[in-house]
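Take a look at the letters that make up each chain.
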Amino acid sequence: MPLPLWLIPLAVKGAAVVAGAAGAAAAAHGVKKMKDANDTMESAKNQHEKNMKKFEKENEITAEAMDALGKLELEILHSFSEFSDVFEQIKNRPVFGAYSKNGVKLPKYDGEKIKEVSVGAGVLLGGLGGAGLGAAGGFAAAGATTAAVMALGTASTGTAIASLSGAAATNATLALLGGGTLAAGGGGMAAGAAALSAATLGVGLLVGGIIFSFTGSQLSDKADKAWEQMKKAEEKINAICMYLADLRTTSNAYYDTLARVNDIYQGHLDDLKRIVVVLGHRDWKTFTPEEKIITENTVLLVGLLYSMCKVELVIKSDDENDINTINKTAVEQSIQKANRVLEDTF
């Protein structure tokens, strides 16, 4: 039955009120979804920035630790020139053969190699002044002895320090992550950080003006995707930070052992200089038994340090998408070898 005419305006008004209420509820729901999406994206952005700060801190302190090791290795190798200058003054000295004791083997003394590595180390040390964080650490990663020998061969060509050797070229910012997506084609830690940032900091661009170009559901999808990107990057960053912490621990342990051996070597070198330069003993035949032992032990320490500085702390991955391997086995063996030599001889 049709409504009386006088009721029609009231019905229309009621319908409008109901429609208006429904529209207001829908609008409120849409606004809430937009706010929730905005909050999600802001949270993703903030968390990613927090993760990146964690990564940058780990990278910096690991680079500093590796730099300390690399610089110590180069300084030790460079000091061999001082030893060589004194040692070469001794006439009628015997041939110092290979060392083999308690499972430790060191090659026989080779004066030419000692001179070469000393000069090469000097070249690298001279170039570190203008190099950035991680340059010296790159030489430690490659094995400073190898890097120094290569430096000597390229010193006259004007080749940049960063390209002197395999891991020194691995880059001047401690590029130890390998290549591929993590390190932006092998660009190293700095490039790796940029790649990680580019992957997810774009999330932040969804917050702000662009928010109004999406409907509530589309924006929610974008926010969910942004959060998912952040979590994937977080997983990668956490894995890299664990790697860096492990590398730093290995580097510090090796530094401690190397520094201990070097302290003993420097003491013996001072004694040798006193014998040859101060006392003027330059003929092996006139050396006392004690002086001969000091000389022999100094030669032994040179060989040990040469060998220790040759160890590569990082093995470059064959797959550019993989993180490089920390050479823990070689480092531990070198530490044990040094400890045996010190225990048996000093």
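Conventions and cut-offs
Residues numbered from 1 in each chain as written. Predicted model: local features only at pLDDT ≥ 70, side-chain atom pairs only at ≥ 80, totals over all residues. Heavy atoms only, no water. Core = buried A, V, L, I, M, F, W, Y, C linked by side-chain atoms within 4.5 Å. Buried < 20%, exposed > 50% of the residue type's maximum accessible area, 1.4 Å probe, protein only. Helix = DSSP H or I, 4+ residues; strand = E, 2+ residues; numbered from the N terminus. Contact = heavy atoms within 4.5 Å. Phe/Tyr/Trp six-rings, centres within 6.5 Å; stacked < 30°, edge-to-face > 60°. 1 Å grid on protein atoms, 1.4 Å probe; cavity = no way out; pocket = protein on both sides within 12 Å on 5 of 7 lines; lining within 4 Å. Points joined across faces, edges and corners; volume = space filled by probe spheres on them. Axes fitted to C-alpha atoms, helices over the stretch in contact; angles between N-to-C directions. Parallel < 35°, antiparallel > 145°, perpendicular 65-115°, else oblique. Nonpolar A, V, L, I, M, F, W, Y, C, P; charged D, E, K, R; others polar. pLDDT = per-residue confidence, 0-100. Salt bridge = Lys/Arg side-chain N within 4 Å of Asp/Glu carboxyl O. Patch = residues over 30% accessible without salt bridge, like charges linked within 9 Å, V, L, I, M, F, W, Y side chains within 5 Å. Areas by Shrake-Rupley, 256 points an atom, 1.4 Å probe, with all protein chains shown as cover.

Engineer: In this structure, what is going on with the nonpolar core? I would like to understand it.
Structural biologist: When a protein is soluble and globular, its nonpolar side chains tend to lie buried together. Grouped together as the largest cluster of nonpolar side chains are 68 residues, with contacts concentrated most on Leu77, Phe80, Phe83, Tyr254, Leu258, Val261 and Tyr265. If you list the elements that add at least two residues to this core, you get helix H1 (8-87), strand S2 (104-106), helix H2 (111-127), helix H3 (135-142), helix H4 (144-154), helix H6 (216-278), helix H7 (289-308) and helix H8 (328-345). Top contributing element to this core by residue count: H6, with 15 residues. Filtering out sequence-adjacent residues up to four positions away, Phe83 remains in contact with Tyr109, Tyr265, Leu269, Leu272, Thr298, Val299 and Val302.

Engineer: Honestly, the packing of aromatic side chains in this entry has me stumped. Any pointers?
Structural biologist: Given two aromatic rings, one states the distance between the centres and the angle between the planes to describe the pair. Enumeration over the complete set of coordinates arrives at 7 aromatic pairs. Each member of the aromatic cluster is reached from another via a ring pair, and the members are Phe83, Phe87, Phe96, Tyr109, Trp284 and Phe287.

Engineer: Would you take a moment to explain the layout of surface pockets for this structure?
Structural biologist: Regions of empty space are outlined by a rolling probe, equal in size to a water molecule, passed over the atoms. Space inside the largest pocket adds up to approximately 350 Å³. Around the largest pocket sit 19 residues that line it, and Pro107, Lys108, Tyr109, Val299 and Gly303 are the ones nearest its centre. Elements that contribute at least two residues to the lining of the largest pocket include exactly H2 and H7. Element by element, the count of residues in the lining of the largest pocket is highest for H7, at 8 residues.

Engineer: Mind showing me how you'd approach the packing of H7 against H8 here?
Structural biologist: Packed helix pairs are characterised by how far apart their axes lie and by the angle those axes make with each other. Packing of H7 against H8 leaves a shortest axis separation of 10 Å and a crossing angle of 170°. By the angle class used here, H7 and H8 are roughly antiparallel. Along its contact with H7, which presents Asn297, Leu300, Leu301, Leu304, Ser307 and Met308, the element H8 presents Ser334, Lys337, Ala338, Val341, Leu342 and Thr345. Of the residues assigned to the contact of H7 with H8, the class counts are 7 nonpolar, 4 polar and 1 charged.

Engineer: Can you walk me through the confidence of the model for the protein chain in this structure?
Structural biologist: Parts of the model with low pLDDT should not have their predicted coordinates read in detail. Predicted confidence across the protein chain gives a mean pLDDT of 76, with 70% of residues reaching 70 or more. Ignoring residues within four places in sequence, the model shows residues 5-13, a span with pLDDT below 50, making 2 contacts including any to other chains. A low-confidence stretch, residues 155-196 stays under pLDDT 50, and its non-local contacts, those more than four residues away or across chains, total 102 contacts.

Engineer: Any chance you could explain the pattern of salt bridges here in plain terms?
Structural biologist: Under the definition given, this model contains 10 salt bridges. Between Arg248 and Glu58 there is a salt bridge, with its nearest N and O atoms 3.0 Å apart. One end of the pair, Arg248, is in helix H6; the other, Glu58, is in helix H1, and 190 residues separate them in sequence. Overall, Arg248 belongs to the buried group, its relative accessible area being 17%.

Engineer: I keep staring at the side chain of Ser334 and nothing clicks. Help me out?
Structural biologist: With respect to the element layout, Ser334 can be found in helix H8. Classification of Ser334 as buried rests on a relative accessible area of 4%. Those residues in contact with Ser334 that sit more than four places away from it in its chain are Tyr254, Met308 and Val311.

Engineer: What is the right way to look at unusual backbone geometry in this model?
Structural biologist: Across residues other than glycine, the phi torsion is negative in most instances, and most of the peptide bonds are trans. With phi around 60°, Asn92 is a residue other than glycine that occupies positive phi space. Positionally, Asn92 belongs in the loop between H1 and strand S1 (99-101). Although it is not a glycine, Asn102 sits at a positive phi angle of roughly 50°. Position of Asn102 among the secondary structure elements: in the loop between S1 and S2. Judged by relative accessible area, Asn102 falls into the partly exposed class, the value being 49%.

Engineer: Got a minute to help me understand a nonpolar patch on the surface in this structure?
Structural biologist: On the surface, Val277, Val278 and Leu279 cluster together into a nonpolar patch covering about 280 Å² of accessible area. For Val278, the position within the fold is in helix H6. Overall, Val278 belongs to the exposed group, its relative accessible area being 64%.

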